[in-house]
Amino acid sequence: MSRFTLNARDKLEVQKIADALPDDELQQVAAEADDWMSRNHVNPLMMAAQNFLQQNYGGAAVSMLDSDDDWHIRFDELLRDLMVDTGKRERGIHVVVNRAA
């Protein structure tokens, strides 16, 4: 897909479509996110957090983040939610783009 930006009206339409996806499509979007997460055992949000924290805090404190299961769980939940939300919006964008074509 070529790179483009959505105007405000299109963004509203995309979000409306994303919010109204039928259950079977929502399950497919979630399955795609779950599949990606099961194949990729490194969460890029954890890596970004460690890089950011390393710039502002001591290395020993930051290195403890890697062994903190609670943070790994929270970042995994956040990444999954972000991927599902983005997948829903991507489906909405395909509708808007194909309608305009």
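The rules behind each value
- Residues numbered from 1 in each chain as written.
- Predicted model: local features only at pLDDT ≥ 70, side-chain atom pairs only at ≥ 80, totals over all residues.
- Heavy atoms only, no water.
- Phe/Tyr/Trp six-rings, centres within 6.5 Å; stacked < 30°, edge-to-face > 60°.
- Helix = DSSP H or I, 4+ residues; strand = E, 2+ residues; numbered from the N terminus.
- Buried < 20%, exposed > 50% of the residue type's maximum accessible area, 1.4 Å probe, protein only.
- Lys NZ or Arg CZ within 6 Å of the ring centre and 35° of its normal.
- Contact = heavy atoms within 4.5 Å.
- Salt bridge = Lys/Arg side-chain N within 4 Å of Asp/Glu carboxyl O.

A. Highlighting the packing of aromatic side chains. Within this structure, the stated rule accounts for 1 aromatic pair. For the pair W71 and F75, a centre-to-centre distance of 5.5 Å together with 35° between the ring planes defines the contact as tilted. Within this pair, W71 and its partner F75 are both found in helix α5 (residues 69-100), separated by 4 residues, close to a single helical turn. On the basis of relative accessibility, which here comes to 13%, the residue F75 falls in the buried class. Geometry around W71 places R74 over its ring, the cationic atom sitting 4.1 Å from the centre.

B. Representation of the side chain of R91. Of note, R91 is situated in helix α5. Among the residues examined, R91 registers a relative accessible area of 17% and is labelled buried. Residues within four places of R91 in sequence aside, it is in contact with L21, E25, Q28, V29 and E32.

C. How the structure looks around the environment of S67. For S67, the position within the fold is in the loop between α4 (59-63) and α5. For S67, a relative accessible area of 60% translates into the label exposed. C-alpha of S67 to C-alpha of M37: the two residues are 30 residues apart in sequence and 19 Å apart in space.

D. Spatial organisation of the pattern of salt bridges. A full pass over the atoms with the stated rule returns 6 salt bridges. Taken together, the shared-partner salt bridges connect E25, E32 and R91 into one network.

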